[in-house]
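Now for the letters of each chain:
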Amino acid sequence: MKGILVYLKEYKKEAVLAPLFKLLEAFFELFVPLVMANMIDVGIAGGDRPYIVKMGLWLILLAVVGLTASVTAQFFAAKAAVGFSTKLREVLFGHMQDLNFTNIDQVGTSTMITRMTSDINQVQSGVNMVLRLFLRSPIIVFGAMIMAFTIDVKCALVFVVAIPLLALVVFGIMVITIPLYKKVQGGLDKVLGITRQNLTGVRVIRAFGQEEKQTAEFEENNRALTAVQVFVGKISACMNPVTYSIVNGAIMLLIYMGAIQVQIGNLSQGEVIAIINYMSQILVELVKLANLIILTTKAVACGERVAAVLATENETQGELPGVSDKAKEAYLVFDKVSLTYKGAGEKTLSDISFQVNKGDTVGVIGGTGSGKTSLINLIPGFYPATEGAVYLNGENILSLSEKERIDRVGIVPQKAVLFKGTIRSNLLWGKENATEEEMWEALGLAQAKEVVEGKEGMLDAVVEQKGKNFSGGQRQRLTIARALIKKPEILILDDSASALDYATDAKLRQAIKSLAGSMTTFIVSQRASTIRYADKILVLDDGELVGNGTHEELLTNCPVYQEIYYSQYPEERKEEKAE
Amino acid sequence: MKTTVKRVLNYIKKYWFVLLLSLFLAMVTVALTLYIPILTGRAIDQMLGKGAVDMEAIFGILWKIGVSILFTALAQWVMNTCNNYITYHVVQDIRKEAFAKIQILPLSYLDTKPTGDLVSRVIADVDTFADGLLMGFTQLFTGVLTIGGTLVFMLVTNVPIALVVVCLTPVSFLVAKFIATRTHDMFHLQSKTRGEQTSLIEEMIDNEKIVKSFGREGAVKEEFREINGRLKDCSLKAIFFSSLVNPCTRFVNSLVYAGVGTFGAFLEVNGGISVGTLSCFLSYANQYTKPFNEISGVVTELQNAMVCAGRIFELIDETPQVPEDEDAVELTHVKGEVTLQDVSFSYVPGQKLLEQVSLQVQPGQRIAIVGPTGCGKTTLINLLMRFYDVNKGSIQVDGTDIRHLTRNSLRTSFGMVLQETWLQAGTVLDNIRMGKPEATREEVIEAAKASHAHSFIKRLPQGYDTVITEDGGALSQGQKQLLCIARVMLCLPPMLILDEATSSIDTRTEIRIQKAFARMMEGRTSFIVAHRLSTIKEADVILVMKDGNIIEQGNHENLLAQKGFYANLYNSQFAG
């Protein structure tokens, strides 16, 4: 929490003024019963009409001053809270942009989104309420007691007993009910889970004739939920009656003690009324205080979660190992590379070595979870190799700046995502100052020309969020164009042509091949047909490189490749056997 | 709206006695709460000054106060408990009915409604409804009673002061309302801007890796900063202006207090009322605005609750699936003969889909369904399982129209493994046991072995007792499908509907799935949505589907010889 409070610094003035003005308001409010007591004791008793009017005007004046102070305080509180959360949001969002891939995986996307939105909103309202109430409520409660002391010490002792008692009840009931409310939430989650499950799995449930069993399970949970709710209700229903009894019991005592004091001439009638008034003021503020404490604990918890994300720092890169002799043997060299993701027990890639010549097309194939995507993510250094090194042109890829790496490697991820905007704005992601000519060229290579030409507004056609208004295949072609426009040295297609039909897929590969002089290409795929004509095929199995060669070579010497290939082309196996 | 209220009352009717008790207790509470300031006032009137205090009278009054407090507290607690009881039981009844309805709604309804929407009706809407109802019970009635009661008490005691209170208090109510309407636009702008920001956050954070791989962090931050700046401005306005409500109503309250005090003091000097009465009025003046503010809140909540109730009733009122024939037959000792006779079907009236399809399947035959993605292969599954009813013609199993069979016996005669695997939250064991709850652990393991799932289940942290979430959690797509196969393997019904996996499963798991399928199909009538050539070629009948309709049927050789769509498909997809 401390970690994020520094962002309140800019609003130090507001953060101090807001509670101060609140304090002022509370202070004036405490005078009201005293003025009223005077009105009764002096004005009424003496039949002094001008005095009564004077006191009446005093009451109005106190109200006006109180209003002014309060409005001022609300303004400062709102300004500080909003300013603080705005700053916090900006800092947090910026921080998230700077996290590296390892940290993005660790924190997780949905966590980041929650931190950015609901957590910060909670913190904002927490700060706002604290600034408004943390001085006001205690001041009213204890101020009322102090005022009672100034009137009569003996009567004030009733306050000394009643306040802790009230606090005990209010907080006690809250402490008891909070975990119970969590239980209610848990019960509700269960009911929700079953409802959801019955909708998403309706076909299976009906296919197995499970409707009755599910209904029975739902009803059982539903009943359990009601039981907890009624039980919590019974406890929290105590709050009002008990506090009411305490306050009014205290008033009874005050009447009794007041009467004795009046009898012996220590107190006046007006003063007794004032003391009773003070007592009734306490309850409302105590309840507010209790609510404030709950809200604050929630806000602090949210704040701590935000602070935790802010505390996630990219690890500084350690000393790079010396450049090995292998480094200069080819254009791109993987030298005994292993990768273990942070927090994972096992290696995702182990001991991978291969070399690629400039302009080659490299196919990468293997089952799901065999490490294909991990392998290609090492090329632009998105994750640093845990062991070994990746060399590009004889240099360790990690020794290049992040910008340089990104400029040289174009990657088309599995998930074809476009961003809200226009086709043009999406292409500009690849190259900020791309000309229209360059755009059409890239679109042509990516076989996306017809996609753009088919849309109204051509390059300025609107792209909805996530590119929802484009089909999967169209999106894939546009994301390929987006990567091609920056004319990368190395292009990586991570299973990014899976939604294209065979003819378009072939045309795309042809077009990419035409750039072979200037561009090295990696094609990751599950389809043997997509990679069979590559200059080199890498076969991955369970994180190990089990094959490295051309299609023909692999068919003779790589069992895993054979298995994959023949499962997709069973025809050829039979023919082979026949031969 | 009116009918919704009527229906809500209908649900409450069941608890009429509790409701009546609650109402009675509310009256008791309000009357006693108002009575105590009067007693306090009377006590004060007994202490006129030094030596002029009637202790005996005060004791009498204190005793009355004590008893009143006791009864108020008791009545309040019982009343609250009654309200809780009614609310949560009504809610339980409504949820129960809604869930029961979901079980009998036709798939044509469930398929078109987003799951999230239906879940939110059963959960969130019902919850909001409960909150509103509870608030209504506890505050609306006591609020109205308090206002009325205070008014009567004041008028009875002293008309002029009562008039001061009556005229001034509604002002605070008006002020609150004034501020609320003025801030509405500001809040609207705030939530709009917030929405804009959230969608940017979601878009960018979701695809953070792409953002980084294009080095776009700077541009994205800039875009964010711009929206954030706008959000700051409108948030400040909305929050500040809305936070004026409390100070303003408090101010009006203070004015009432000052007014009552001054006016009362004048009356007192003129001998109109006693100091005790004045103190009683002062305490009324303090309390009087509270129910006003509460009621305006309650009314909004109640309106909200009724809207939510309306949405739930909408679900409860949906037309259920066609009820079963009274003389519907249980399907037993299935041979597995399936006949489609001139079947026509479409999801949307007027949009033709299946037209006059006929098919004769002998017991034990394999039917492969092929076609490009989105060709409507699931339509056939929907009809066979009677998830949807045919529009024309009929489907028969062993010579009986399936509309004449009980749904349960028809469906459990089919074993179904779909590509979109669905697992239940629970243990692996429970998942496999789904269709046969009485199966022993040994039987389950046997079925898992037969479906090649045993080896990976064994390696899970708690083996067969590993708890998995609804989406299967850490299990891979292929493993999930193996579990679904084991689930069917355990009960092994006489007919099968299988959906072969597409490319997203790794080769080794895929081979296992193939083997498991092959084992299940032995001697059973099977419908297979087929992707692999071997399956297709071995099928007795191939149904070629396109745009929702069956356009060709026959075996591999026949279809190739036809040189139609199938021949084309075969050449492009498999011969390539």
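Definitions and limits used
- Residues numbered from 1 in each chain as written.
- Chains lettered and ligands numbered in written order.
- Predicted model: local features only at pLDDT ≥ 70, side-chain atom pairs only at ≥ 80, totals over all residues.
- Helix = DSSP H or I, 4+ residues; strand = E, 2+ residues; numbered from the N terminus.
- Rg over C-alpha atoms; globule rule 2.2 N^0.38 Å.
- Buried ≥ 20, exposed ≤ 12 C-beta atoms within 10 Å, placed from the backbone.
- Contact = placed C-beta atoms within 7 Å.
- Pairing = 2+ DSSP bridges.
- Nonpolar A, V, L, I, M, F, W, Y, C, P; charged D, E, K, R; others polar.
- pLDDT = per-residue confidence, 0-100.
- Core = buried A, V, L, I, M, F, W, Y, C linked by C-beta atoms within 7 Å.
- Domains from an automatic or database assignment.
- Axes fitted to C-alpha atoms, helices over the stretch in contact; angles between N-to-C directions.
- Parallel < 35°, antiparallel > 145°, perpendicular 65-115°, else oblique.
- Left-handed = near helix turned anticlockwise from the far one by under 90°.

## Remarks on the overall build of chain A
For step 1, the next point in the chain: Secondary structure assignment for chain A yields 22 helices and 12 strands.
For step 2, the next point in the chain: For 579 residues, the compact-globule estimate of 2.2 N^0.38 gives 25 Å, and chain A exceeds it by more than 25% at 37 Å.
For step 3, the next point in the chain: Counting only C-alpha atoms, chain A reaches 125 × 60 × 55 Å along its principal axes.
For step 4, the next point in the chain: The 579 residues of chain A split such that 45% are buried.
For step 5, the next point in the chain: Contacts in chain A between residues at least 24 apart in sequence constitute 77% of all its contacts with a sequence separation of at least 6.

## What about the overall build of chain B?
For step 1, the next point in the chain: When helices and strands are counted, chain B shows 20 helices and 12 strands.
For step 2, the next point in the chain: Its C-alpha atoms give chain B a radius of gyration of 36 Å, more than 25% over the compact-globule value 25 Å for 576 residues.
For step 3, the next point in the chain: Taking the intrachain contacts of chain B between residues at least 6 apart in sequence as the baseline, contacts between residues at least 24 apart amount to 79%.

## A few points about the sheet that holds strand 5 (residues 395-396) of chain A
Residues and elements named next belong to chain A.
For step 1, the next point in the chain: Reading across the sheet, the 4 strands line up as 2-1-4-5 and stay open at both edges, with antiparallel pairing between neighbours. Edge positions in the open sheet fall to strand 2 (349-356) and strand 5, since each of these has one partner strand only.
For step 2, the next point in the chain: In this sheet, strand 2 lies alongside strand 1 (residues 332-339) in antiparallel orientation, the contact comprising 5 bridges. The partner of Leu332 across the bridge, within strand 2, is Val356.

## Notes on the interface of chain A and chain B
For step 1, the next point in the chain: Counting from both sides, the interface comprises 114 residues of chain A and, opposite them, 109 residues of chain B.
For step 2, the next point in the chain: Among the elements that make up the side of chain A that touches chain B, the one with the highest residue count is helix 3 (residues 49-98) of chain A (25 residues).
For step 3, the next point in the chain: Along the lines of polarity and charge, the residues of the side of chain A that touches chain B split into 56 nonpolar, 42 polar and 16 charged.

## Remarks on the sheet that holds strand 2 (residues 354-361) of chain B
All names here are of chain B.
For step 1, the next point in the chain: An order of 2-1-4-5 is seen for the 4 strands of this open sheet, with the pairing classed as antiparallel. Two strands lie at the open edges of the sheet, namely strand 2 and strand 5 (400-401), each paired on one side alone.
For step 2, the next point in the chain: With 2 bridges joining them, strand 4 (residues 392-397) and strand 5 adopt antiparallel strand pairing. Considered in strand 5, the bridge of Gln396 is made with Asp401.

## Quick word on the confidence of the model for chain B
All names here are of chain B.
For step 1, the next point in the chain: This prediction gives chain B a mean pLDDT of 84; 96% of its residues lie at or above 70.
For step 2, the next point in the chain: Mean pLDDT values over the elements of chain B span from 73, in helix 20 (residues 565-573), up to 92, in helix 3 (residues 55-104).
For step 3, the next point in the chain: For this predicted complex, the interface score ipTM comes out at 0.82, alongside a pTM of 0.74.

## Description of the nonpolar core
Taken as a class, soluble globular proteins show a tendency for nonpolar side chains to be buried jointly.
For step 1, the next point in the chain: Counting 201 residues, the largest nonpolar core has A:Ala80, A:Ile275, A:Val364, A:Ala481, A:Ile492 and B:Val165 as its most contacted members.
For step 2, the next point in the chain: Ranked by residue count, the leading element in this core is helix 3 of chain A, at 20 residues.
For step 3, the next point in the chain: Look past the residues within four positions of A:Ile275 in its chain and what remains in contact with it is A:Ala148, A:Ile151, A:Asp152, A:Cys155, A:Leu254 and A:Gly258.
For step 4, the next point in the chain: B:Leu380, B:Val417, B:Met489 and B:Met520 belong to the second-largest nonpolar core, a separate cluster that totals 109 residues.

## Quick look at the pairing of strand 1 (residues 338-345) of chain B
All names here are of chain B.
For step 1, the next point in the chain: Across 5 bridges, the pairing between strand 1 and strand 2 is antiparallel. Note that in strand 2 the partner of Thr339 across the bridge is Gln360.
For step 2, the next point in the chain: Where strand 1 meets strand 4, 5 bridges bridge the pair, whose relative direction is antiparallel. Bridge pairing in strand 4 places Ser344 opposite Lys392.

## A few points about the environment of B:Asn158
All names here are of chain B.
For step 1, the next point in the chain: Along the chain, the position of Asn158 falls in the loop between helix 5 (115-157) and helix 6 (159-206).
For step 2, the next point in the chain: What makes Asn158 partly exposed here is the crowd of 19 C-beta atoms within 10 Å.
For step 3, the next point in the chain: Once the C-alpha coordinates of Asn158 and Asn83 are considered, the two residues, 75 residues apart in sequence, prove to be 35 Å apart.
For step 4, the next point in the chain: With sequence-adjacent residues up to four places away left out, Asn158 is seen in contact with Ile273 and Thr277.

## What about the domain arrangement of chain A?
For step 1, the next point in the chain: Segmenting chain A into domains produces domain 1 (1-152 + 288-314), domain 2 (153-266) and domain 3 (325-578).
For step 2, the next point in the chain: Computed from C-alpha atoms alone, the centre-to-centre distance between domain 2 of chain A and domain 3 of chain A is 59 Å.

## Concerning the environment of B:Ile227
Residues and elements named next belong to chain B.
For step 1, the next point in the chain: By secondary structure assignment, the location of Ile227 is in helix 8 (residues 217-242).
For step 2, the next point in the chain: The exposure class assigned to Ile227 is partly exposed, which follows from the 18 C-beta atoms found within 10 Å.
For step 3, the next point in the chain: Measuring from C-alpha to C-alpha, the distance between Ile227 and Thr289 comes to 41 Å, with 62 residues separating the pair along the chain.
For step 4, the next point in the chain: Ignoring any residue separated from it by four or fewer positions in sequence, one finds Ile227 in contact with Thr193, Glu196, Gln197 and Leu200.

## Observations concerning the packing of helix 14 (residues 441-450) of chain B against helix 16 (residues 477-491) of chain B
Between two packed helices, the angle of one axis relative to the other and the distance separating the axes together describe the packing.
Residue and element names in this part refer to chain B.
For step 1, the next point in the chain: It is the contact of helix 14 with helix 16, at a shortest axis distance of 8 Å, that shows an interaxial angle of 120°. Taken together, the axes of helix 14 and helix 16 are oblique relative to one another. Crossing angle aside, the handedness with which helix 14 passes helix 16 is right-handed. Seen from helix 14, the contacting residues are Glu443, Val444, Ala447, Ala448 and Ala450; seen from helix 16, they are Ala486, Met489 and Leu490.
For step 2, the next point in the chain: Grouping the constituent residues of the contact of helix 14 with helix 16 by class yields 7 nonpolar, no polar and 1 charged.

## What about the packing of helix 3 of chain B against helix 5 of chain B?
Residues and elements named next belong to chain B.
For step 1, the next point in the chain: The geometry of helix 3 relative to helix 5 is characterised by a closest axis approach of 9 Å and an angle of 155° between their N-to-C directions. With respect to each other, helix 3 and helix 5 are oriented roughly antiparallel. Crossing angle aside, the handedness with which helix 3 passes helix 5 is right-handed. Residue-level contacts link Asn80, Asn83, Asn84, Ile86, Thr87, Tyr88, Val90, Val91, Ile94, Arg95, Ala98 and Phe99 of helix 3 to Val122, Val126, Phe129, Ala130, Leu133, Leu134, Phe137 and Thr138 of helix 5.
For step 2, the next point in the chain: A breakdown of the residues in the contact of helix 3 with helix 5 according to their chemical character gives 14 nonpolar, 5 polar and 1 charged.

## Considering unusual backbone geometry
For step 1, the next point in the chain: In this structure, A:Lys487 is a non-glycine residue whose phi angle is positive, near 45°.
For step 2, the next point in the chain: Of note, A:Lys487 is situated in the loop between helix 17 (472-484) and strand 9 (490-494).
For step 3, the next point in the chain: Since 18 C-beta atoms lie within 10 Å of it, A:Lys487 is described here as partly exposed.
For step 4, the next point in the chain: Phi angles above zero are rare outside glycine, and B:Lys563 is one such case at about 55°.
For step 5, the next point in the chain: Tracing the chain through its elements places B:Lys563 in the loop between helix 19 (556-562) and helix 20.
For step 6, the next point in the chain: For B:Lys563, a count of 10 C-beta atoms within 10 Å corresponds to the exposed category.

## Here's the deal with the pairing of strand 9 of chain A
Residue and element names in this part refer to chain A.
For step 1, the next point in the chain: Of all the 5 residues making up strand 9, 5 are buried; the element is thus mostly covered by neighbouring parts of the structure.
For step 2, the next point in the chain: By the alternation rule, side chains of strand 9 split into Ile490, Ile492 and Asp494 and Leu491 and Leu493, which are all buried.
For step 3, the next point in the chain: Note: strand 6 (residues 409-412) against strand 9, 4 bridges, orientation parallel. If you follow Val409 over to strand 9, its bridge partner there is Ile490.
For step 4, the next point in the chain: Pairing geometry for strand 9 and strand 10 (residues 520-525), over 5 bridges, is parallel. Residue pairing across strands places Leu491 opposite Thr521, the latter belonging to strand 10.

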